[in-house]
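The lines below spell out each chain.
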Amino acid sequence: MPLWYLASDAFKKYSNPSCSQQPPSASMHLGVSATTASGIEYEDVTVGEGRTPNTGDFVSVVYETRVDGRCIDPKIDKADLQYTADGELVTSFKNRGKPWAEFQVGKGLVIAGWDEMVQTMRPGGTRTVKLPADLAYGDAGSPDGVIKPGTDVEFTIELVGIASNADIIGGTAKAFG
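Residues numbered from 1 in each chain as written. Predicted model: local features only at pLDDT ≥ 70, side-chain atom pairs only at ≥ 80, totals over all residues. Heavy atoms only, no water.

With that out of the way, let us pick up the overall build of the chain. In terms of regular secondary structure, the chain is built from three helices and seven strands. Counting helices and strands in the order they occur from the N terminus, the chain gives β-β-β-β-β-α-β-β-α-α. Expressed as a percentage of its 177 residues, the buried residues of the chain come to 42%. Within the chain, contacts between residues at least 6 apart in sequence are counted, and of these 72% link residues at least 24 apart. As displayed, the chain offers around 9,100 Å² of accessible surface, 50% of which is attributable to carbon and sulfur atoms. (Helix = DSSP H or I, 4+ residues; strand = E, 2+ residues; numbered from the N terminus. Buried < 20%, exposed > 50% of the residue type's maximum accessible area, 1.4 Å probe, protein only. Contact = heavy atoms within 4.5 Å. Areas by Shrake-Rupley, 256 points an atom, 1.4 Å probe, with all protein chains shown as cover.)

Take a look at the structure:
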């Protein structure tokens, strides 16, 4: 199942003030860039620490999506934010003002380029990624029409966590099982 379904209704809103105005600047990058055999171009902004996910592990990510340099992420509904009794915003990856996803790695539950990229990241790591169309939404484009057929897609992905059990991440098995 493709990544788009996580927030397909929200994709109808094309502008999102939570998106950065620009992708991370070159001064923020570590200079660790490469192109995979499949044609994915990527650059690590932050490498992170710990192990990389194995096929079958569940991961949590925060991401930002760009097409032709334009952020196309959904707006985050302020009603989804969580606050303490004192009115302070609870800080978690789910309410950083950017879309987030939880999925099982290597099972074809997200677009192919995500499965490939996340498997080489470490928790706390952030990576900018340019997926060729065939590893994003291909010749069909996204089902909601936001990403046109044959379009390369850029993401900034932060790997927040890895777990071997869906219950640890937060019920991923229910959403993706």
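Scanning all chains against the criterion turns up three salt bridges. One salt bridge connects Arg 51 with Asp 57, and the closest N-O pair in it is separated by 2.7 Å. Taking relative accessible area as the criterion, Asp 57 reaches 6% and is therefore assigned buried. Among the ionic pairs, Glu 64 bridges to Arg 66, the shortest N-O distance being 3.1 Å. Across the pair, exposure class does not vary: Glu 64 and Arg 66 are buried alike. (Salt bridge = Lys/Arg side-chain N within 4 Å of Asp/Glu carboxyl O.)

What follows deals with a negative patch on the surface. Together, Glu 41, Asp 68, Asp 134, Asp 139 and Asp 152 give the surface a local cluster of negative charge. Given the relative accessible area of 72%, Asp 139 is considered exposed. (Patch = residues over 30% accessible without salt bridge, like charges linked within 9 Å, V, L, I, M, F, W, Y side chains within 5 Å. Lys, Arg positive; Asp, Glu negative; His and termini not counted. Charge placed at Lys NZ, Arg CZ, Asp CG, Glu CD.)

All told, the structure shown has three aromatic pairs when counted by the stated rule. Between Phe 103 and Trp 114 the ring centres are 5.9 Å apart and the planes differ by 50°, which places this aromatic pair in the tilted class. Here the residue Phe 103 occupies a position in strand S5 (residues 100-104), and Trp 114 occupies one in helix H1 (residues 112-118), the gap between them amounting to eleven residues. The exposure class assigned to Phe 103 is buried, which follows from its relative accessible area of 0%. (Phe/Tyr/Trp six-rings, centres within 6.5 Å; stacked < 30°, edge-to-face > 60°.)

With respect to the helices and strands, the residue Val 67 is situated in strand S3 (residues 58-67). The spacing of Val 67 and Thr 151 is 84 residues in sequence and 7.7 Å in space, taken between C-alpha atoms.

A few words on the confidence of the model for the chain. Confidence in the prediction for the chain averages 75 pLDDT; 62% of positions are at 70 or higher. In the predicted structure, residues 1-17 sits below a pLDDT of 50 and forms 46 contacts with residues beyond four places in sequence or in another chain. Contacts of residues 21-29 to residues separated by more than four positions or lying in other chains number twelve contacts, the stretch itself having pLDDT below 50. (pLDDT = per-residue confidence, 0-100.)

Turning to the environment of Val 153, a few remarks are in order. With respect to the helices and strands, Val 153 occurs in strand S7 (residues 153-163). For Val 153 and Gly 113, which are 40 residues apart along the polypeptide, the C-alpha to C-alpha distance reads 9.8 Å. Contacts of Val 153, omitting those with residues within four sequence positions, involve Thr 65, Arg 66, Val 67, Val 129, Lys 130, Leu 131, Ala 136, Tyr 137 and Ile 147.

Let us look at the side chain of Thr 151. Within the fold, Thr 151 resides in the loop between strand S6 (126-131) and S7. Assessed through its relative accessible area of 15%, Thr 151 is described here as buried. Side-chain polar atoms of Thr 151 contact the backbone oxygen of Lys 148, separated by 2.7 Å. Here Thr 151 is in contact with Val 67, Ala 133 and Ala 136, once residues within four sequence places are set aside. (Polar contact = N/O pair within 3.5 Å; in protein donor to acceptor, adjacent residues only side chain to side chain.)

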